[in-house]
Amino acid sequence: MSHAAEGASVHTASSPNTMVNFGFWVYLMSDVIIFSMLFTMFVTVQSHYNGGPQGHQIFELRDVFLETMALLFSSITFGLAMLNLHAEKKNGVLLWLAITFLFGATFVGLEVREFLNLVHHGAGPDTSAFLSAFFTLVGTHGTHVTFGLIWIAVMFGQVAVKGISPKVGSRLFRLSLFWHFLDIVWIVVFSTVYLAGVVQ
Amino acid sequence: MDILGKLTLQSIPYDNPILMFAGAIMIGTAIAVLAGVTYFGKWKYLYTEWLTTVDHKKIGVMYLIIAFIFLLRGFIDALMMRAQQAFASGGSEGYLPPHHFAELFTGHGTMMIFFMGMPFLIGLMNIAVPTQIGARDVAFPYLNAVSLWLTASAGMLVMASLIIGSFSDAGWTGYAPYSGISANPGVGVDYWIWALQISGIGTTITGINFFVTIMRERAPGMKFMRMPLFTWTTLCTNILMVLAFPALTVVLALLTFDRYLGMHFFTSDGGGNQMMFINMFWVWGHPEVYILILPAFGVFSEVAATFSNKRLFGYVSMVGATMVIALLSFTVWVHHFFTMAQDPLRNSIFAIATMVIGVPTGVKIYDWIFTMYRGRVRFNLPMLWLIGFIITFTIGGMTGVMLAIPGIDFKMHNSEFLVAHFHNVLIPGMLFGLFAGYHYWFPKAFGFRLDEKWGRRSFWGWLIGFYVAFMPLYVLGLMGMPRRMVSYADPAWQPFLIVAAFGALIVLFGVVSMAIQLIVSVRNREQLRDITGDPWNGRTLDWATSSPPAHYNFAVIPTVEDIDAFTDMKERGVAYRRPDKYEDIEMPRSTPAALVIGALSFFLGFALIWHIWWLAAVTGVGIIVTVIVRGCNDNTWYTIPAEEVERTENEWFRQLEKAGVV
Amino acid sequence: MLRNNLGRFGGLISLALVLMLSGCGLDSLSTMSPVGPVGDVERDLTIFTLLAMLFVLIPILVLTLGIAWRYRASNTNSTYTPKWGHSWIVEMFVWGGPIVILVILSVVAWISTHDLDPYKAIKSDAKPVHIQAVATQWKWIFIYPEQGVASVNEFAFPVNVPLDISLTSDNVMNSFMIQRMGTQIFAMSGMQTKLHLLSRETGDLEGGNYQYTGHGFSKMRFTAKAMTEDNYKQWLQKVRSQGTPLDFSKFKQLAKPSEIKKPIYYSQVTSGLFGDIIDQFHNSGVAASTHEMPGMGHDMKSDSSDSGHATETAAH
């Protein structure tokens, strides 16, 4: 994309869009640290049940499977949105962004339902270190997805109003990075928290 | 209705005359400043030129202002602690109640690290790095302003704790479970948490920003192995910031969940693991030590070469040593708690890893010494700080190696010996470096040099005061005195503490001299004027611009052909070359968004500390909305026309001609 | 082996230092005038490291001041080589020197750390005395499980007998140390840590908490009374005759935040009190999970005497 896209001077050593993308990568690296610290904490206390329930007693694998599917499909639909972006098909972008949003919202909805269920059954985050770490790790990911949803909504608005400009495209590209990143994190969450929890 | 959450009129410590006095001074100063701005009709200037600016040079200056304010506050805390311990012996309880004393040592550590050290070094980075690499600004100027205002708002929270509620008494490290809700139900720890959280996020953003800046914004020809040492250490520091600060974010967040939501991460009960707090805290905390020290090392490298009129000795070694230190800083955190009953295998490994850091550090020291060798050493202020640093820091390094050996740490841990040690590395290693940088780049930032006479007085005050204040603490440590004692029974300790308090007074002389130096320099600014932009016969690109540099730094981006790029240009006679034709320059626009985010963050933090949930919700949504609105703005750059560039440059060249440089 | 060598070396040096300081010797430095084997090694280690580091410090001081002065700008007689920035010989020296010292100190650190493992029992013919130390806000409670007594802020024990100390805390993190005996260790709630000490001299030794724990922290000191065997027996007798019984509920009363001026004695201690203090933080059913290690402790699988650093629960 052109220099003028972000308006930087032609003397700048590298094009600003790649620079912004590079910066976003670096931000994602710092987010990786956040998640790895949370994983470390979870692994350390994952058997500190404090007399409370254990993973296999509370995890509903069916719902978790649905969540996983929703998120995986949302990644695919986001990919389709990006394909439409490159083809400069505004309506296609809007359509697939909307579908991605619905999948993402489904994921968040299922997660919120799971959390409310647990709290309702006396397995809230204050029950044990295990549940504190569970709610925090899964909840942090869920919060990221929620912010992703807000971002999708904002970008939907930008595409609708501004059309497909280089700037909008560049922002969509970073949003897609973010969205796929959350997908990868979720796969790790799914296997270390839920699968391992049920197998125990 | 508790519309104000936990906040009541009782939250204001009316009964504590010291706090009320300090609060009165603080509020009085703030009112005086605001009144002054109003009286002189400078609000518009302040708003358009400073509060909304995204210019790295002005942001750097504002960071320095924050740093100096907190240097004063942290130093006053230190004086009060020294005074307390000098008197509170053998039955006397001194003049401070234990809780107030605990707030002092917690506040002192927190402020000196987060609100003095960090803003100071980030300020110097802002002032020097973009010009040093031949760039017009940082990679993300608006985020740079966000970082600044997050730091400022976190600092405001610390200030607010002085008169509304109280600050944490859990030490600057806030070890759980003492910082947990059952042992510490007040708002103090919450102030600590949110101040660190907000400033920490600002620092992470700074880390990303400068990392990208240095990776992507260097002038043509500036390969990695041609980067000035300050740029190198800044690069390594920013990598550490990006990798380490998220760990702090997490450990603070988990402690927050323990305190606010009754979770069990670090609690004694519920299956919590208090040892994880210490581990995770120092996973951030040890790299943080090098985040603080590496930039100072970079300053010293610049200073050593410039004031020896000679190429830096062992450039490759210096770069390698910096990288090794940065890498190893993640492998030594356990040495902060050898006494937590790890098995000897783990303790030994971490002990050796710690001592390994001594090797690259030693190399750096020798390289600075050999930079002076066969040079022409000028003893200007930055050079004095360098020599004071080498000698003092080596002593601190020596006691550091001692503490790195578990068998010695077993009896020295948590004693005054430890206090003496980390002041003995941080004061020369960080503060002297920052002071050297302050004197070195002051003319670049403001256009005139700092007064030498008062600068020397300040230097000697700090140096002598340091020895008098901290050498007795080593002895006290050997005598078995624990740190953080509000009073003590053993009369044998008192003489040493009186000497230490006297040392703090000598440092006070240094601090006051530094303030006088600033006033005198401003008054004599015409005699001290830096006309050429190169007052020290500098070697790097930051000295190739006018002082202060034009808004766009370089009308034409220079091409680099040597490590000492500017020296090389001067020698080849290509410095101060006028281009055939000036071009339009695109620069980032000022924006109030960063200021708004900072202000909202302050109120968000305050609301969370006092459980004012509606305010937290409003400000939280406000921040998100601000970010979105700003994110949708496509019009964030503007053009400086070529004619204006030419006018500005002509002005500078007239000065250069007058000075006979061109 | 190291202990002996260091000891001989350290003894020699400390003698020299004492002579040098003429009178104002190491005696006034409590951590440098040990009364037992642990403190001995730690003192010798301190002196050895200090001297080794002087080999680094002194050349740097001399070189810095000497070179800065010799090559001052006003001295135009000195050589000036503005372009000189690299020399393999100097580089070898600046990297090699620190590495040599690093290797020496690493060996010393490795051996001494294993030697000084606080979990390692001290070799002695005498049968060790078991003591359970509990940190509360802001008192130290010493339980003598075999004698069935306890005392607060007074820690009596016979000389030349190894002390096998188990530590825990009733609330926050504390750190236990008697400087002249050496080695401090954290006392943490819901967990047990261990420390082995020995004194060969009688007398009152200063001990205390080194980790900040709140208002009364500065007063959380105690006297360690190293006694002859006979005096120790008399002391036990005194505790039995003057004291009152101690059970868990009385312990919780005592553990409430307070400072005390005089020692308190307890003549009869409910058996298993120490374990109950640890278990108060664990829900029933979890206490069995001793197989897992929080943090970075010893391998719990090993059943040697020094297993279970900072074990989460005291199973018994």
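Structural data are supplied above this passage.
Our subject in this report is the structure included herewith. Just so we're clear, the structure is a prediction, and the values are computed from it rather than from any experiment.

**Some details on the overall build of chain C**
Here's step 1: On a plain count of helices and strands, chain C comes out with six helices and 12 strands.
Here's step 2: Taken over 316 residues, chain C has a buried fraction of 56%.
Here's step 3: Here the analysis covers contacts within chain C between residues at least 6 apart in sequence; of these, 69% occur between residues at least 24 apart.
Here's step 4: A total of about 13600 Å² of accessible surface is found on chain C, and carbon and sulfur atoms cover 61% of it.

**Focus on the packing of helix α11 (residues 381–404) of chain B against helix α13 (residues 416–446) of chain B**
Residues and elements named next belong to chain B.
Here's step 1: At their nearest, the axes of α11 and α13 sit 8 Å apart, and the two run at 160° to each other. Considered as vectors, α11 and α13 are oriented roughly antiparallel to each other. Taken as a pair, α11 and α13 cross one another with a handedness that is left-handed.
Here's step 2: Its residues placed into classes, the contact of α11 with α13 shows 16 nonpolar, 10 polar and no charged.

**Thoughts on the pattern of salt bridges**
Residue and element names in this part refer to chain A.
Here's step 1: The tally for this structure, following the rule as stated, stands at 27 salt bridges over all chains.
Here's step 2: Between aspartate 63 and arginine 62 there is a salt bridge whose closest N-O contact spans 3.4 Å.
Here's step 3: Residue aspartate 63 is classed as buried on the basis of its relative accessible area, which comes to 11%.
Here's step 4: According to the relative accessible area criterion, arginine 62 is exposed, its value standing at 58%.
Here's step 5: Bridged by salt links that share partners, the residues Arg62, Asp63 and Arg113 form one connected network.

**Points about the packing of aromatic side chains**
Here's step 1: Considering all chains together, one arrives at 94 aromatic pairs over all chains under this definition.
Here's step 2: For the pair phenylalanine 266 of chain B and phenylalanine 277 of chain B, a centre-to-centre distance of 5.2 Å together with 85° between the ring planes defines the contact as edge-to-face. With phenylalanine 266 of chain B in the loop between α7 (229–261) and α8 (274–307) and phenylalanine 277 of chain B in helix α8, the pair connects residues that are 11 residues apart, well separated along the chain.
Here's step 3: Measuring from centroid to centroid gives 6.2 Å for phenylalanine 602 of chain B and phenylalanine 606 of chain B, while their planes differ by 25°, and the two rings are stacked. Taken together, the residues span about one helical turn, with phenylalanine 602 of chain B and phenylalanine 606 of chain B both in helix α17 (residues 593–609) at a distance of four residues.
Here's step 4: Accessibility expressed as a relative area gives 11% for phenylalanine 606 of chain B, which makes it buried.
Here's step 5: Sitting over the ring of phenylalanine 22 of chain A, arginine 216 of chain B keeps its end group 4.4 Å from the ring centre.
Here's step 6: Positioned above the aromatic ring of tryptophan 454 of chain B, the side-chain terminus of arginine 457 of chain B is 4.4 Å from the ring centre.

**Some remarks on the packing of α7 of chain B against α8 of chain B**
All names here are of chain B.
Here's step 1: α8 packs onto α7 with a crossing angle of 160° between their chain directions and a minimal axis gap of 8 Å. What the angle tells us is that α7 and α8 run roughly antiparallel. The crossing of α7 and α8 is left-handed.

**With respect to the side chain of threonine 68 of chain A**
Residue and element names in this part refer to chain A.
Here's step 1: Looking at the element boundaries, threonine 68 is found in helix α3 (residues 61–86).
Here's step 2: Exposure remark for threonine 68: the relative accessible area of 7% places this residue in the buried category.
Here's step 3: Not counting residues within four places of it along the chain, the set of residues in contact with threonine 68 comprises Trp186 and Phe190.

**Let's talk about the sheet that holds strand β4 (residues 154–158) of chain C**
Residue and element names in this part refer to chain C.
Here's step 1: Pairing is mixed across the open sheet formed by five strands, whose spatial order is β4-β10-β9-β6-β7. Only two strands of the sheet have a single partner each, and these edge strands are β4 and β7 (185–187). Across the sheet, the mean angle from the axis of one strand to that of its neighbour is 30°, orientation sign disregarded.
Here's step 2: Pairing geometry for strand β6 (residues 174–178) and β7, over three bridges, is antiparallel. Each residue of the ladder has a partner; that of serine 175, found in β7, is phenylalanine 186.
Here's step 3: On top of the sheet, helix α4 (residues 229–242) reaches β4 and β10 (221–227); it is set at about 140° to β4, its chief contact.

**Some points on a negative patch on the surface**
Here's step 1: Residues Glu583, Asp584, Glu643, Glu644 and Glu646 of chain B make up a contiguous surface patch of negative charge.
Here's step 2: Summarising the element assignment, aspartate 584 of chain B is placed in the loop between α16 (565–572) and β1 (585–588).

**Brief notes about the sheet that holds strand β5 (residues 163–169) of chain C**
Residues and elements named next belong to chain C.
Here's step 1: Taken in spatial order, the seven strands of this open sheet run β8-β5-β1-β2-β3-β12-β11, and their pairing is mixed. The sheet terminates laterally at β8 (193–197) and β11 (244–246), the two strands that pair on one side only. For this sheet the average axis-to-axis angle between neighbouring strands, irrespective of direction, equals 30°.
Here's step 2: Contacts from α4 reach β1 (129–136), β2 (139–144), β3 (149–152), β11 and β12 (264–269), with the element oriented near 85° to β12.

**Structural notes on the side chain of threonine 267 of chain B**
Residue and element names in this part refer to chain B.
Here's step 1: The residue threonine 267 is located in the loop between α7 and α8 in this model.
Here's step 2: In this structure threonine 267 comes out as buried when scored by relative accessible area, which is 17%.
Here's step 3: A distance of 2.9 Å separates the side chain of threonine 267 from the side chain of histidine 264, its partner in a polar contact.
Here's step 4: Polar contacts involving the side chain of threonine 267 include one to the main-chain carbonyl oxygen of aspartate 269, which spans 2.6 Å.

**So, the nonpolar core**
Here's step 1: Counting 374 residues, the largest nonpolar core has Phe134 and Leu172 of chain A, Phe266 of chain B together with Phe155 and Phe176 of chain C as the members making the most contacts within it.
Here's step 2: Ranked by residue count, the leading element in this core is α8 of chain B, at 21 residues.
Here's step 3: Structurally, this core is a two-domain feature, drawing no fewer than three residues from each of domain 1 (2–74 + 85–115) and domain 2 (129–315) of chain C.
Here's step 4: Dropping the residues within four chain positions of it, leucine 172 of chain A is found in contact with Phe78, Met82, Leu85, Val93, Leu97, Met155 and Val159 of chain A.
Here's step 5: Core analysis: the second largest hydrophobic core is formed by 15 residues, Leu254, Ala255, Leu273 and Phe274 of chain C among them.

**Some details on unusual backbone geometry**
Here's step 1: In this structure, the amide linkage connecting serine 547 of chain B to the following residue, proline 548 of chain B, adopts the cis form with an omega of -15°.
Here's step 2: With respect to the helices and strands, the residue proline 548 of chain B is situated in the loop between α15 (494–523) and α16.
Here's step 3: Cis rather than trans, the peptide bond between glutamine 137 of chain C and tryptophan 138 of chain C has omega equal to 0°.
Here's step 4: In this model, asparagine 309 of chain B sits at a positive phi of 50°, which is unusual for a non-glycine residue.
Here's step 5: Phi is positive for asparagine 160 of chain C, which is not a glycine, with a value near 60°.

**Focus: the pairing of β5 of chain C**
Residue and element names in this part refer to chain C.
Here's step 1: With respect to burial, β5 is a largely interior element, seven of its seven residues being buried.
Here's step 2: Burial along β5 is two-sided: the residues Leu163, Ile165, Leu167 and Ser169 and Asp164, Ser166 and Thr168 are all buried.
Here's step 3: Pairing geometry for β1 and β5, over seven bridges, is parallel. Bridge assignment links valine 129 to a residue of β5, and that residue is leucine 163.
Here's step 4: As defined by bridge partners, β5 adjoins β8 across five bridges and the pair is classed as antiparallel.

About the criteria used
Residues numbered from 1 in each chain as written. Chains lettered and ligands numbered in written order. Predicted model: local features only at pLDDT ≥ 70, side-chain atom pairs only at ≥ 80, totals over all residues. Heavy atoms only, no water. Helix = DSSP H or I, 4+ residues; strand = E, 2+ residues; numbered from the N terminus. Buried < 20%, exposed > 50% of the residue type's maximum accessible area, 1.4 Å probe, protein only. Contact = heavy atoms within 4.5 Å. Areas by Shrake-Rupley, 256 points an atom, 1.4 Å probe, with all protein chains shown as cover. Axes fitted to C-alpha atoms, helices over the stretch in contact; angles between N-to-C directions. Parallel < 35°, antiparallel > 145°, perpendicular 65-115°, else oblique. Left-handed = near helix turned anticlockwise from the far one by under 90°. Nonpolar A, V, L, I, M, F, W, Y, C, P; charged D, E, K, R; others polar. Salt bridge = Lys/Arg side-chain N within 4 Å of Asp/Glu carboxyl O. Phe/Tyr/Trp six-rings, centres within 6.5 Å; stacked < 30°, edge-to-face > 60°. Lys NZ or Arg CZ within 6 Å of the ring centre and 35° of its normal. Pairing = 2+ DSSP bridges. Patch = residues over 30% accessible without salt bridge, like charges linked within 9 Å, V, L, I, M, F, W, Y side chains within 5 Å. Lys, Arg positive; Asp, Glu negative; His and termini not counted. Charge placed at Lys NZ, Arg CZ, Asp CG, Glu CD. Polar contact = N/O pair within 3.5 Å; in protein donor to acceptor, adjacent residues only side chain to side chain. Core = buried A, V, L, I, M, F, W, Y, C linked by side-chain atoms within 4.5 Å. Domains from an automatic or database assignment.

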